[in-house]
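Analysis of the macromolecular model
Here is how the chains run, residue by residue.
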Amino acid sequence: MKHFTRLFVALDETTKTTEKVNAMSEYFSTCTPTDGAWTVYLLTGRKLRQLVPTARLAECVKEQAGLSDWLFAESYDAVGDLAETIALLLPPPTNNSDVPLREWVEDRLMPLRSKPEAEQKELLVKYWNELSTSERLVMNKIITGSFRIGVSQLLVVKALSKASGVDEPTIAHRLMGDWSPTEEFFTGLFSSDTQDADASRPYPFYLAYPLEQEPDALGEIADWLAEWKWDGIRSQLIRREGKTFIWSRGEELISERFPELMEAAEQLPDGTVIDGEILAWAEGEVLPFNLLQKRITRKSLSKKLLQEIPVALMAYDILEHNGIDVRIQPMNERRKMLVQLLTPGALDAAPSCRGQLNSIFRVSPSLMVSTWDELAESRKNSRELKVEGIMLKRADSAYGVGRRKGDWWKWKVNPFSIDAVLIYAQRGHGKRASLYTDYTFGVWHDGKLVPVAKAYSGLDDAEIRQVDAFIRQNTLEKFGPVRTVKPELVFEIAFEGIQHSPRHKSGVAVRFPRIARWRTDKPMQEADSLETLSSLINGGSSQ
Amino acid sequence: MSKLIYATDKGLYCEAGDFYIDPWRPVERALVTHAHSDHARWGSNKYLCAEPGAKVLRHRIGQDAQIEAIPYGQKLTLNDTTISFHPAGHILGSSQIRVERNGEVWAVSGDYKLDPDPTCAPYEPVRCHTFITESTFGLPIYAWQSNDELFTDINAWWEKNKRDGKTSLLLAYALGKAQRLLKGVDTSIGPIYTHGTVESLNQVYLSSGVTLPETARLSSMPRGTKFAGALVLAPPSAYGTPWQRQLNPVSAAFASGWMRVRGIRRRRSLDKGFPVSDHCDWQSLLKAIHLTGAENILVTHGYSQILVRYLQDQGLNAGTLSTQYEGEEETSTAEETSSDAVSKSAEETTFADGRDSADEIESAADKVEVQE
């Protein structure tokens with residue numbers, strides 16, 4: 001427990017990802033395999049079902065610390081986290097122990113669930129009395145099943161890769177699906193035999209840069225392929241050795257989330273890798289992005305959900321064809337291969353959007369325009385078509401690695417969009433009076449979040465309830481009607497204009513800010529900075 | 001007959017003695033508990049404080065101020081009252097002020113702590129009928145560790161940074177906290193440098209007879225001096241400023257009672273927090289209140305309503321007293337330089353309860369009004 005707690009504290013005390021990765025990799029290199037397995041389990045957000053009811057935990061700490069209900073409630077309110085409140089309120093320990101994490105979880109904490117109340121309490125008190133404040137925090141977090149400490153799965157993968165010498169995609173693959181935190185599992189993670197992961201391995205994604213000037217600066221339009229910029233989940237679909245794997249851009253295996261794509265992929269020949277955008281799609285139209293997010297975030301995919309939110313893969317590139325890596329082929333050649341594969345017989349006949357192989361696979365249509373002005377006209381339809389704008393790809397370009405300037409550009413319809421962190425909340429009015437619906441958002445500046453926008457609208461009712469619950473559980477301070485919220489939730493904020501404003505602390509004022517969507521996929525460290533926001537000032541109007 | 005001491009718009013006033021205690025606006029006669037800027041403000045005609053704190057007070061409110069100082073425990077008659085200063089254990093020269101009129105005794109604690117601090121005289125309980133106490137950390141989640149544990153942690157952090165080739169930047173109030181930390185750290189680990197604000201207060205402490213380890217003013221070092229492995233003491237306001245760049249690579253830690261709560265530290269994006277305060281934790285507050293034997297407790301700045309409710313639950317006669325004291329600010333910029341401190345008007349006062357954050361909200365709200 002001491003070793004694991006040291007890791008927990010180290011992760012908690014830095015916002016730098018390299019330091020987090022180093023701390024974890026050092027831990028994984030020195031821990032026992034069973035402790036390692038449990039550590040991976042906890043850090044990747046897998047949870048044990050709540051082992052002791054919250055009310056009983058509170059009861060127990062109140063008895064130990066001699067606190068009345070209201071004083072406990074005030075303390076909880078000030079801290080905002082139950083596991084931490086309990087750790088801070090308990091009297092100092094009189095014992096000391098260093099029992100391995102595995103033993104804590106398997107032999108001490110998990111058995112609590114089936115014990116009668118009196119024995120549960122007795123054991124809790126005994127356990128707390130052996131632990132320091134930080135160790136108690138860890139124990140309580142295991143019991144309450146909430147172990148979020150700002151480490152993404154990706155960072156855990158990096159650390160395991162660093163500690164084991166096994167490459168990241170292999171580790172990522174090995175962490176997918178159902179596994180138990182056992183010694184075998186952990187030693188398997190470290191195994192250098194990488195055959196198991198070969199078939200699943202994705203290619204690095206090629207990413208576009210935002211267009212910084214008028215498109216005619218790119219030269220002849222004939223040298224470019226234009227298509228819509230779809231607002232979905234960028235994905236790679238891999239079909240190899242009779243198996244299918246779907247990876248998201250964050251290199252997470254999301255196969256299980258899209259059973260209909262998995263089924264359709266059986267029609268693809270072995271040795272095929274397609275790059276595209278998974279969209280919520282019905283009756284020839286894109287559905288709102290938040291519907292698609294449900295497919296990712298819901299714990300289980302019910303038949304009902306699959307029916308309500310059908311998806312399609314809007315394919316726009318092929319990276320592997322007949323088992324050959326074709327990324328160095330020119331874009332227009334790759335596109336031909338893709339069209340031929342997914343819409344046989346319809347080679348380059350516009351619109352190629354007509355699905356043939358399986359209607360779930362669609363080829364992102366080329367925009368057949370002859371001048372940049374025509375393209376600009378088309379772009380004005382973006383909002384109506386529920387796309388984010390236009391992608392421009394140089395016709396003779398290879399498929400690159402990472403974000404590179406030059407060959408792929410995104411020409412978004414609304415360049416004014418930032419990812420900001422929820423920092424303050426206020427109750428709404430009217431029917432929303434009991435809910436926290438008015439939010440203030442901050443962006444990073446000198447390591448701090450500075451408020452830049454206040455927005456009321458943009459979330460649906462279910463999301464508002466979720467955010468409201470988060471705010472109540474994560475209030476750091478209250479002053480009057482306003483709560484300071486633990487910075488954690490990231491939202492994409494869209495706005496129409498921006499200008500300098502000496503009246504505002506941030507130095508900028510934005511016009512008509514609203515919530516474009518809840519970025520449940522983004523950690524707060526990746527929210528935008530004030531510098532990024534300010535750099536938009538000379539970017540012209542929103543169109 | 002009116003209460004012996006009551007709050008006015010200028011500060012806590014004792015009518016029978018015709019003096020104010022820690023007034024927040026200029027008055028004729030101010031009795032000052034200690035030199036922190038929310039208690040010792042510039043502009044009054046005459047100041048009275050405890051002798052050990054006289055030089056610190058002069059440093060904070062100016063060379064021309066008329067300051068009189070008397071030893072701890074010495075009684076002085078002011079009109080119909082007898083007053084005396086008693087150690088509060090908060091910072092050098094900090095006092096509780098005892099006020100007596102016809103056998104009725106009140107004690108105003110200012111800011112205080114019970115934990116040992118080698119840079120100032122230890123807290124001394126004052127028996128009284130009415131006790132005016134602060135409540136900065138008046139919640140049971142606030143419980144300080146011992147000095148031994150604290151300095152073990154700080155030294156370990158410094159040593160680790162030294163091994164990693166980093167500078168250790170320790171952010172603490174320039175007056176009091178910085179000297180207490182300086183006196184407790186293991187000076188064998190490496191050299192100690194100071195920010196100018198801290199250094200000038202170190203000099204005042206030294207001239208007041210407090211011994212401190214040797215330090216050097218960072219700005220007096222030749223250009224290109226490497227600070228890796230060193231400890232640098234600076235006020236919280238230095239964090240994230242261009243001044244800090246010369247310390248890179250650096251690990252920054254904030255020494256404050258607020259660091260007891262993870263969320264507060266994380267919100268400030270700090271690597272490290274050491275929960276240490278020159279205020280009482282919850283248990284110390286209760287103990288101090290008990291030791292005074294007071295029948296009436298008036299609670300000032302901090303979690304006053306919570307402490308009052310708790311004391312009332314215990315059958316004590318307790319109430320709140322509204323003041324403009326700040327306690328230990330979570331987002332402190334109050335203890336900067338003396339000139340900053342004195343120019344701060346009462347209207348600009350920010351509160352430890354996050355009122356300054358509320359201002360940000362207001363500005364954010366303004367923004368929306370302007371735009372829509």
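Throughout what follows, the structure given in this document is the object of discussion. It should be emphasised that the depicted structure is a prediction, and the values quoted were computed from it without experimental measurement.

Considering the nonpolar core
Among the nonpolar cores identified, the biggest contains 197 residues, and Phe441 of chain A together with Val232 and Leu233 of chain B are the most heavily contacted of them. A total of seven residues in this core trace back to one element, the largest contributor, which is strand E14 (residues 417-427) of chain A. For Leu233 of chain B, the residues in contact, after removing those within four places along its chain, are Leu170, Ala172, Ala178, Leu181, Leu182, Ile192, Thr194, His195 and Val198 of chain B. Of all hydrophobic cores here, the second largest spans 46 residues; its members include Tyr206, Ile274, Phe361 and Trp409 of chain A.

Regarding the pairing of strand E8 (residues 311-321) of chain A
Residue and element names in this part refer to chain A. Buried residues dominate E8, accounting for 10 of its 11 residues. Where strand E6 (residues 272-282) and E8 come together, eight bridges link them in antiparallel fashion. Note on E8: the bridge partner recorded for Leu279 is Ala312. Relative to strand E10 (residues 361-363), E8 runs parallel, the two being bridged by three bridges. Following the sheet pairing, Met314 is matched in E10 by Arg362. Relative to strand E9 (residues 324-325), E8 runs antiparallel, the two being bridged by two bridges. What sits directly across from His321, in E9, is Ile324. Taken together, E8 and the strand that follows it, E9, pair antiparallel across an intervening segment of two residues, in which Asn322 is found at a positive phi of about 55°.

Here we look at the environment of Asp80 of chain B
Residues and elements named next belong to chain B. Relative to the assigned elements, Asp80 resides in the loop between strand E7 (76-78) and strand E8 (81-87). Look at Asp80 and you get partly exposed, because 14 C-beta atoms sit within 10 Å. The sequence separation of Asp80 and Arg101 amounts to 21 residues, and the corresponding C-alpha distance is 6.4 Å. Look past the residues within four positions of Asp80 in its chain and what remains in contact with it is Ala16, Gly17 and Arg101.

A short note on unusual backbone geometry
Residues and elements named next belong to chain B. Here the amide bond leading from Asn248 into Pro249 is cis, since omega sits at -5°, within 30 degrees of zero. Of note, Asn102 is a non-glycine position whose phi angle comes to about 50°, a positive value. Along the chain, the position of Asn102 falls in the loop between strand E9 (95-101) and strand E10 (104-108).

Rules behind the numbers
- Residue positions are given per chain, counted from 1 along the sequence in the order it is written.
- Labels are handed out in written order, letters beginning with A for the chains and numbers beginning with 1 for the ligands.
- Under the rules for a predicted model, residues below a pLDDT of 70 receive no local features and side-chain atom pairs below 80 are neither given nor counted, while totals for whole chains, interfaces and linings still include all residues.
- Under the definition applied here, buried Ala, Val, Leu, Ile, Met, Phe, Trp, Tyr and Cys residues are grouped into a nonpolar core through C-beta atoms within 7 Å.
- Neighbour density around each residue's C-beta defines its exposure: 20 or more other C-beta atoms within 10 Å make it buried, 12 or fewer make it exposed, and counts between make it partly exposed, where C-beta atoms are placed from the backbone.
- In this description a helix means any DSSP run of H or I spanning at least four residues, a strand means any run of E spanning at least two, and both kinds are numbered starting from the N terminus.
- C-beta atoms are first placed from the backbone for all residues, and any pair lying within 7 Å is then listed as a contact.
- A strand pair is defined by DSSP finding two or more bridges across the two strands.

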